[in-house]
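# Residue-level structure breakdown
What follows is the residue order along each chain.
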4 protein chains.
Amino acid sequence: MIRVGIVGASGYTSSELIRLIIQHPDDIRITVITSESYTGEHVSRVMPNLRGLLDLEFESLDIASLKERVDFVFLAVPHKVAMSFAPRILEQGLRVIDFSADYRLVDAEIYEAWYKTEHTSPEWLSEAVYGLPELHRDEIRNARLVANPGCYPTGAILASAPLIAHRLVHLAGIVVDAKSGISGAGSKPSLATHFPNREGNVTAYNVAQHRHTPEIEQELSRVAGTPIQLNFTPHLMPMTRGILSTVYFALVENITTEALLEIYSEYYADEPFVRVLEQGQYPQTHAVYGSNYCDVGLEVDMRTRRVVVMSAIDNLVKGASGAALQNLNIIAGLQETAGLDAPGIMP
Amino acid sequence: MIRVGIVGASGYTSSELIRLIIQHPDDIRITVITSESYTGEHVSRVMPNLRGLLDLEFESLDIASLKERVDFVFLAVPHKVAMSFAPRILEQGLRVIDFSADYRLVDAEIYEAWYKTEHTSPEWLSEAVYGLPELHRDEIRNARLVANPGCYPTGAILASAPLIAHRLVHLAGIVVDAKSGISGAGSKPSLATHFPNREGNVTAYNVAQHRHTPEIEQELSRVAGTPIQLNFTPHLMPMTRGILSTVYFALVENITTEALLEIYSEYYADEPFVRVLEQGQYPQTHAVYGSNYCDVGLEVDMRTRRVVVMSAIDNLVKGASGAALQNLNIIAGLQETAGLDAPGIMP
Amino acid sequence: MIRVGIVGASGYTSSELIRLIIQHPDDIRITVITSESYTGEHVSRVMPNLRGLLDLEFESLDIASLKERVDFVFLAVPHKVAMSFAPRILEQGLRVIDFSADYRLVDAEIYEAWYKTEHTSPEWLSEAVYGLPELHRDEIRNARLVANPGCYPTGAILASAPLIAHRLVHLAGIVVDAKSGISGAGSKPSLATHFPNREGNVTAYNVAQHRHTPEIEQELSRVAGTPIQLNFTPHLMPMTRGILSTVYFALVENITTEALLEIYSEYYADEPFVRVLEQGQYPQTHAVYGSNYCDVGLEVDMRTRRVVVMSAIDNLVKGASGAALQNLNIIAGLQETAGLDAPGIMP
Amino acid sequence: MIRVGIVGASGYTSSELIRLIIQHPDDIRITVITSESYTGEHVSRVMPNLRGLLDLEFESLDIASLKERVDFVFLAVPHKVAMSFAPRILEQGLRVIDFSADYRLVDAEIYEAWYKTEHTSPEWLSEAVYGLPELHRDEIRNARLVANPGCYPTGAILASAPLIAHRLVHLAGIVVDAKSGISGAGSKPSLATHFPNREGNVTAYNVAQHRHTPEIEQELSRVAGTPIQLNFTPHLMPMTRGILSTVYFALVENITTEALLEIYSEYYADEPFVRVLEQGQYPQTHAVYGSNYCDVGLEVDMRTRRVVVMSAIDNLVKGASGAALQNLNIIAGLQETAGLDAPGIMP
């Protein structure tokens, strides 16, 4: 039996993680869920979809007692809070999978520049592994601290890695135009998530300033072996879930859509959750709704010698909680796809 | 191993059934999927969410060969077509779970009056079992032909049965006001399902004429032991899935919301898929999205001595394919909840 | 020139009122808009659709100075606040059109029972006119204080009045099942208006307890000449605007859909904003989107001798700001339809 | 009085044009509406929002009789059909505003390459004026044949023109990523417009192949004075109306967001329908819903020396029928904004 605790468990990534874990074929037991705002409330009051399926109450976080009660901790609190908890949990010998951005960037200075706050546990950065199995599976296996990737970076990196690894594109001038569902903004109401402000409405936000930018750049730079800077523009779509990333590259030399798809298929041949679409098929967010799959498609524009690569993920699954569970599976030595191979719900 | 065939397999109820079966923990194998319009196409071309998860092509229906290849047949063709296929499949000794309305109404004359067509195999009506386990579990167990319930009837009946069984309400004047997602209209495009005609739009349709009316009446009449006629008004909501049924009854005598909830809880105590909500909680379609649960809540209006009962289901799962799989589990002697106990996807 | 002030001007009813007034063909000038939260902000910062169309800043309310600057005051503040402002504004000789519920109910005791608060200016209740022109046009003409109707009551009353006036239905057992867009909940974010909580989600709320119930009952009782109590159940739809009201009545005697439609057409023959649909046509919220029209349709259910009447309005226009402007037109002696005869925006 | 006819009048651009014309302050009368599929039907049967507002029936097209009955013809038929009608209507001395693509491209060969069909009236191409007033107002004034711009080109061109006119950006490598509502696909149902296929779903289509590409290139090449080729990727959003265009440029040299906004404001200073937003504000489709405005905003990414320009339009108004009416106003010598200055409907 694997006992897991979820810290900061009242938000969307947590409810999604619980949904996945209670369907997991192995004996993974959620023994602790903490929430300061819902302490004492039954989980089904906050997550009515879980009614009858998990009999647990939110409790207040008590780090000291965690060691006795759990084997793994999913840390689902905001950045800054995460780095205030993580070291103390890790020091108890527990492994941590952190949903926040606090340990994703290798370079504390870059973190501090984008997040406008001091990094309070830089000593853990070298220990942390960026939890995208498609790039870092081997390091994840032995990681004590996994920095679970951001939703936008997951879509952008999986769309881009094969082109960059094969040096088929110019590294300057990459454009990532991402379209996200509203759940990415979290479970807390705001003007930006108010239904009448979002229905029938499409808009960009945080243009040239979104904090996922350095994360995408870091990982693609690693793939390239040389620093990459790119343009990343997130947009809000009138839908709850899903991210479609449209990524634009200038090709180094002419190559056909067919040939590129072949390269992608090989690159991801052993990846259980990346599905490369056939020529003429493009990813759609609904096809991965509620699932851990990332669909990737592409089209070469011969006239302009550019290639347009598209990826679709569910931001709450492959973009968050599915990836976290995938990481747990890897660390715990379970089958990597266990509890994660359900198809998307469509229509 | 249980081998199943799905006839008329390109629509929404079939894609949903496939989605559920491929996650089923027992060894149920889909060996035949037929579609006249998509013959020769790979299933993932029509259902991109299933990409990589089921390697099968649609074929043309050949009833004669079914016996060798399947143990059960799910019949997912329109009414009239269903009754032209079902007898020939049944005569081969195969069991049939029929999604259409052709065998739901015990009385062929009522069928003919509402469906404006002759019933061509009335001899099978007495054999057919109305496939709502909550009312007919025992008969389903040995059924050769299961008439899988309509989506609206499922929601309306489950909301109403306890009140009627306990003779707490007047049987005249019942009003069923149902709000449905668009997927209930099927996978074939029409003016009524055209996105710009439905977004931001709510409307009633088939008022006083919807064919699910006699089905609701038949089953509630059985519960009552006396004939019931009621008002049923379906509405289209700007969403894909889900039915919320709001049912209005005049109480025979005063009773509190609390007492009624207690009665509901007892009535459904052994039902794995009916969840009775606490006082002050009302069902919401999103909490059962993609799941086989039916959430039921109610509120007494003391001023008018009426009770308002609400139920929420996913029309494609508990309202169609989940119920069909539940019926298969029952007939095949599997655990009734097998493959069906996943929580709804929320948000 | 008519000078108007809008008090509490940052919400949806105000933005809608401004939208309508700036298109009004007569010389109506908005000279004051007040908002305590947005004092000093330009109107287009809060209402980006008005950019370039109204050059005005929100100011803090100063009742004493209103008299010099405006002829009419639209009071768009919450109930309780409204009755704290209205008397002081009225005492300056200004006419007031109040969007709140504070002066809608003739009987202060009923108000206090439903709103759980003392009525602080009951002396103005006899002066106030319920601002539904279809029922009270003559009194509105000379009103000093107009209580602008609630959105649900507008739809329910217009659907019901002809049947009740003609004594065609039983007055007991009326059921009003209303389906509303989210904008009815106002411009302030909450869990109930959070996009991920509403997309794909339909639910009832305030069952048997919604405060618009006594308002509907009051006005239909006036039409009937005898007290009516009814069931009113509001539901939230995944859309921004619009209310579809489905109202169920037991007919006193048999009558055809056709005959009833004829009666409705005559009843509303002189009403510019009520459109009675032909047989077989049902109202849809999108057909009145952004407009002041109320579409009404109906269908008799001969089997159960009941009639289902449906009405569609835009909750922010005919259900709020359009009605308010219609009232202003009446009081100011302008053409009643001036600035209000634009068709709905569809699709 | 100006008499106008609308040929092919049953689609969305026509219903939108009718909606605008019946609110026009000048005496413009719609005297003929033709539709082969709805001949003999009253306009309100197809466009229920217009009920009571236009008493006209669709008739079959009779070109010979047009001259007696109309002064202007709006041609709202598909490409290919348009060029089969236009010459015959023009030869009668009537002016034509054509919604199709048939006369938008100056070069018949480019038309034939992208539309895969022979151009059957190339002799009219030199006469035709591309009907984007912001670029071609003077030629429109005397045009006999106006080629009304495509929806995507309108958004893309208005976002790009100032940068290109001022030679601030590199002309190679421009990326136009456009997000459109479903109404752009027209009023005819298809799999692509089927509600369950679009709700919660975002996808690209016609990547590197959309026919609006050469139209954008033609007009921006004219502005540049040198040929431009660019990448254009359209996406479908789960909403009915609106296009958000996100356009990416490499800056020739460093310049601030503030300075660029100043340049845009000057460039569009005399344009009544282009609204340049302040720094930090980004266009949103809902703010122009139902209106003829185009909102433009931008942000410089100093790190990558690129600028991201965004524009929002209503595809059916500024992207189609509003532009057409604007063109009529110009040709007819009316005030250019007449009937077009209504704000967007928001929320």
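Residues numbered from 1 in each chain as written. Chains lettered and ligands numbered in written order. Predicted model: local features only at pLDDT ≥ 70, side-chain atom pairs only at ≥ 80, totals over all residues. Heavy atoms only, no water.

### Points about the pairing of strand 9 (residues 231–236) of chain B
All names here are of chain B.
- When you tally the buried positions in strand 9, you get 6 out of 6 residues, the bulk of the element.
- Both strand 7 (residues 175–180) and strand 9 contribute to a ladder of 6 bridges, which runs parallel. Paired with Asp177 across the bridge in strand 9 is Thr233.
- Bridge count between strand 8 (residues 203–204) and strand 9: 2 bridges; the pairing is antiparallel. Paired with Ala204 across the bridge in strand 9 is His235. (Buried < 20%, exposed > 50% of the residue type's maximum accessible area, 1.4 Å probe, protein only. Helix = DSSP H or I, 4+ residues; strand = E, 2+ residues; numbered from the N terminus. Pairing = 2+ DSSP bridges.)

### Brief notes about a negative patch on the surface
- A surface patch of like charges, here negative, comprises Asp107(B), Glu109(B), Glu112(B) and Glu118(B).
- Counting through the fold element by element, Glu112(B) comes out in helix 5 (residues 108–115). (Patch = residues over 30% accessible without salt bridge, like charges linked within 9 Å, V, L, I, M, F, W, Y side chains within 5 Å. Areas by Shrake-Rupley, 256 points an atom, 1.4 Å probe, with all protein chains shown as cover. Salt bridge = Lys/Arg side-chain N within 4 Å of Asp/Glu carboxyl O. Lys, Arg positive; Asp, Glu negative; His and termini not counted. Charge placed at Lys NZ, Arg CZ, Asp CG, Glu CD.)

### Topic: the relation of the copies chain A and chain B
- Superposing chain A onto chain B requires a rotation of 180° together with a translation of 0.0 Å along the rotation axis, leaving an RMSD of 0.0 Å. Look at the turn and shift together and you get a two-fold axis relating the two.
- A shared binding surface is used by both copies, with 100% of the interface residues of chain A retained as interface residues in chain B. (Least-squares fit on C-alpha atoms with pLDDT ≥ 70 in both. Contact = heavy atoms within 4.5 Å.)

### Some words on the interface of chain D and chain A
- With 46 residues of chain D in contact, the opposing surface of chain A contributes 46 residues.
- Ionic pairing is found between Glu217(D) and Arg303(A), a salt bridge with its closest N-O pair at 2.5 Å.
- On the surface where chain D and chain A come into contact, there are 32 residue pairs in polar contact (both at pLDDT 80 or more).
- Elements represented by at least two residues in the side of chain D that touches chain A include exactly strand 7 (175–180), strand 8 (203–204), helix 9 (213–224), strand 9 (231–236), strand 10 (243–250), strand 12 (294–301) and strand 13 (306–313) of chain D.
- Counting residues per element, the side of chain D that touches chain A draws most heavily on strand 7 of chain D, which supplies 4 residues. (Polar contact = N/O pair within 3.5 Å; in protein donor to acceptor, adjacent residues only side chain to side chain.)

### A short note on unusual backbone geometry
- Residue Pro347(A) is reached from Met346(A) by a cis peptide bond, and omega for that bond is 5°.
- Relative to the helices and strands, Pro347(A) resides in the segment after helix 11 (317–332).
- Positive phi values are uncommon outside glycine, yet Arg167(C) reaches one of about 55°.
- Structurally, Arg167(C) is set in the loop between helix 7 (151–165) and strand 7 (175–180).
- On the accessibility criterion, Arg167(C) (57% relative accessible area) is exposed.
- Unlike most non-glycine residues, Ala208(C) shows phi in positive territory, near 65°.

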